[in-house]
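# Residue-level structure breakdown
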Amino acid sequence: MASPLQVEIYQNRHALTAGQEGDVYILAKIVPSKELREFVSQNPRKVHMAFLLDVSSSMCGEKIEAAKEAILRRFRNDLQDDDILSLVVFATSAVVVINSATKKYAAAEVESVIRSISCGGSTSLYQALTMAIDVLSKTPPGYTRVMIVATDGRPTDVADPNQVLELIKLAREKHNIITFIYGIGDDYDPALCEEMAQIGGGRMRHVKGAKEIEGLTQAIVSAIKNIVIEKPTLKIEAEVGIKVEEAFLIYPTLRVLDPGAAAWDVGAVSARDVIMASFRVATYSRDVGRRKIATVSFGTVARPVEVEFVAAVSSEEQNPEARLYHEVARVAAKILEKTKQDLSADEEFAELNSLLAEPTARSLMARDIYFAALAQRVLGTQNLDGKTRIDRLSNIGG
């Protein structure tokens, strides 16, 4: 098999004036190879999928019935005979109602248990996570371990939500468990749910109405079955005297990356994902000549970034695309953060419209489907409610 990943690096400037400080914008694009996509399609992963279903009082009625039906359909239609299903329900307390069942041996029992689930009580999410992690940690080798949390409320069994985040972090780091979150309705905490998904290497989705649960669960289970890398690491290593000032993950999810971190867990990657990240790097060299300023790596694949330092150089960018991606991501991240804080983002939308009106941006939108999709995705959230906007911006890749 050829290299499993295609890693491309773009930079807005290939030459800078020696003796002067200057910024270089770097865009990294990572795509699973055609051979890897075909291999995964023909050899889908074995998965142990643990659903954590909120059955508190607020879930009673259409929401709980839609969630139960979605879990049943995923079990019947999307899981293979050797895949494993577990189910933890949580209200005032949490209970493991299905522990490591397979379709081959327990199809009838699984359906009976799910049909019998009722609701009522509070939201003991921390207890449910503890139980699910314990079940998943005992999964045989060779399986992808996944938690899918569906909740319409906030955890009531811990005073500090950071305890929930620490538990998700433990699951990811110690047991390689990927966490996906469905926030249902209007009363859950979107910031907490999004952070849970980020730390857990998965995605968070907003479910506006019960009828959306079916389609969203189907899409996520399909992505899980086609995961090509469970825990990829993105790095940018700057050379001495060079500093990473800003970093963003753009696709498949929008995130501000800590520029001081040694590496970033960008979450599980499926065969259909494109990964794009951008960096603004402060660069300087006293001497003329070609110099490596940084190395960008994804997993085991590394690419150097080099700049030619000369006596004098034009101020015109050689490739403005890398800067434009970065600037749109920067503004989108500001819109996302303000929306989480329930603040107006009108100034940021105005800034984005001004940026996209530049001739270079219009040209890029006409010839780059990913940039056009990014711009349209962000602009399309301006008139949405807060939770839907957070969902659309967080999941830039769809």
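Everything here concerns the structure above.
It should be emphasised that the depicted structure is a prediction, and the values quoted were computed from it without experimental measurement.

### With respect to the pattern of salt bridges
Overall, the coordinates contain 33 salt bridges when judged by the stated rule. In this structure, Asp82 engages Lys104 in a salt bridge whose closest nitrogen and oxygen atoms are separated by 3.0 Å. Linking Asp82 in the loop between α2 (62-78) and β5 (84-90) with Lys104 in helix α3 (residues 103-115), this pair joins segments that are 22 residues apart in sequence. Its relative accessible area of 38% is what places Asp82 among the partly exposed residues. Given a relative accessible area of 42%, Lys104 falls into the partly exposed group. Beyond isolated ion pairs, a larger network of salt bridges with shared partners links Glu69, Arg73, Arg74, Arg76, Asp78, Glu111, Arg115 and Glu214.

### Examining unusual backbone geometry
Of note, the bond from Tyr251 into Pro252 is cis; its omega dihedral lies within 30 degrees of zero at 0°. Position of Pro252 relative to the elements: it lies in the loop between β12 (243-251) and β13 (255-257). Phi is positive for Asn176, which is not a glycine, with a value near 55°. With respect to the secondary-structure elements, Asn176 resides in the loop between α5 (162-175) and β8 (177-184). For Asp342, which is not a glycine, the phi torsion comes out positive at approximately 60°. Take Asp342: it is sitting in the loop between α8 (321-340) and α9 (346-356).

### Remarks on the nonpolar core
Counting residues in each nonpolar core, the largest one holds 40 residues, and the members touching the most others are Met49, Leu53, Leu87, Val110, Ile148 and Ile224. Those elements giving two or more residues to this core turn out to be β4 (46-54), α2, β5, β6 (94-102), α3, β7 (143-151), β8 and α7 (212-225). Element by element, the count of residues in this core is highest for α2, at seven residues. Excluding anything up to four places from it in sequence, Val110 contacts Phe75, Leu85, Ile98 and Ala101. Counting residues in each nonpolar core, the second largest holds 34 residues, with Ile236, Ala271, Ile275 and Phe298 among its members.

### Regarding the state of the cysteines
Under the defined criterion, the tally for this structure stands at one disulfide. Not part of a disulfide, Cys193 finds its nearest cysteine sulfur in Cys119, a span of 19 Å.

### Let's talk about the side chain of Lys29
Checked against the element boundaries, Lys29 lands in strand β3 (residues 22-32). One buried charged residue, Lys29, forms no salt bridge at all, with the nearest opposite charge on Glu8 at 4.5 Å. Excluding residues within four positions of it along the chain, Lys29 makes contact with Gln6, Val7, Glu8, Tyr10, Val274, Ile275, Met276 and Tyr370.

### Focus: the side chain of Gln11
Structurally, Gln11 can be placed in strand β1 (residues 5-11). Of note is the side chain of Gln11, whose polar atom sits 3.0 Å from the backbone oxygen of Arg13. In terms of polar contacts, Gln11 uses its side chain to reach the backbone carbonyl oxygen of Glu306, at 2.8 Å.

### Some words on the sheet that holds strand β11 (residues 233-238)
The mixed open sheet is built from five strands, whose spatial order is β2-β18-β17-β11-β14. Two strands lie at the open edges of the sheet, namely β2 (15-17) and β14 (264-265), each paired on one side alone. Where β2 and strand β18 (residues 301-310) come together, three bridges link them in parallel fashion. Looking at β18, one finds that Leu16 is bridged to Phe309.

### Regarding the environment of Thr295
By the element assignment, Thr295 lies in strand β17 (residues 289-298). Sequence separation between Thr295 and Tyr25 is 270 residues; the distance between their C-alpha atoms is 13 Å. Excluding anything up to four places from it in sequence, Thr295 contacts Lys235, Ile236, Glu237, Glu239, Ala302, Arg303 and Pro304. A polar contact is formed between the side chain of Thr295 and the side chain of Lys292, at a distance of 3.5 Å.

### With respect to α3
Glu109 marks where α3 bends most, by close to 35°. Residues of α3 that are buried: Lys103, Ala106, Val110 and Ile114.

### Focus on helix α11 (residues 369-379)
Turning to α11, its buried residues are Phe371, Ala372, Leu374, Ala375 and Val378. Angularly, the buried residues of α11 cover 160° about the axis, an arc narrow enough to put them on a single face. Turned more than 90 degrees from where α11 packs its buried face, Ile369 and Gln376 sit exposed. The secondary structure elements touched by the buried residues of α11 are β12, α8, α9, α10 (359-367) and α12 (386-394). For α11, the side-chain oxygen to backbone nitrogen distance between the N-cap and Tyr370 is 2.9 Å, and the N-cap itself is Asp368.

### A closer look at the environment of Asn353
Relative to the elements of secondary structure, Asn353 occurs in helix α9. Asn353 sits in the partly exposed class, given a relative accessible area of 39%. Taking the C-alpha atoms as reference points, Asn353 and Ile117, 236 residues apart in sequence, are found 49 Å from one another.

### Quick notes on the environment of Ser33
Following the sequence through the fold, Ser33 ends up in the loop between β3 and α1 (34-42). The spatial distance from the C-alpha of Ser33 to the C-alpha of Pro304 is 20 Å, given a sequence separation of 271 residues.

### Notes on the pairing of β6
Pairing between β5 and β6: six bridges, direction antiparallel. Within β6, the position partnered with Ile84 by the bridge is Thr102. Where β5 folds back onto β6 in an antiparallel hairpin, the turn is made up of three residues.

About the criteria used
- Residues numbered from 1 in each chain as written.
- Predicted model: local features only at pLDDT ≥ 70, side-chain atom pairs only at ≥ 80, totals over all residues.
- Heavy atoms only, no water.
- Salt bridge = Lys/Arg side-chain N within 4 Å of Asp/Glu carboxyl O.
- Helix = DSSP H or I, 4+ residues; strand = E, 2+ residues; numbered from the N terminus.
- Buried < 20%, exposed > 50% of the residue type's maximum accessible area, 1.4 Å probe, protein only.
- Core = buried A, V, L, I, M, F, W, Y, C linked by side-chain atoms within 4.5 Å.
- Contact = heavy atoms within 4.5 Å.
- Disulfide = S-S within 2.5 Å.
- Lys, Arg positive; Asp, Glu negative; His and termini not counted.
- Polar contact = N/O pair within 3.5 Å; in protein donor to acceptor, adjacent residues only side chain to side chain.
- Pairing = 2+ DSSP bridges.
- Bend = angle between axes of the 7 residues up to and from the residue.
- Arc of directions from axis to C-beta.

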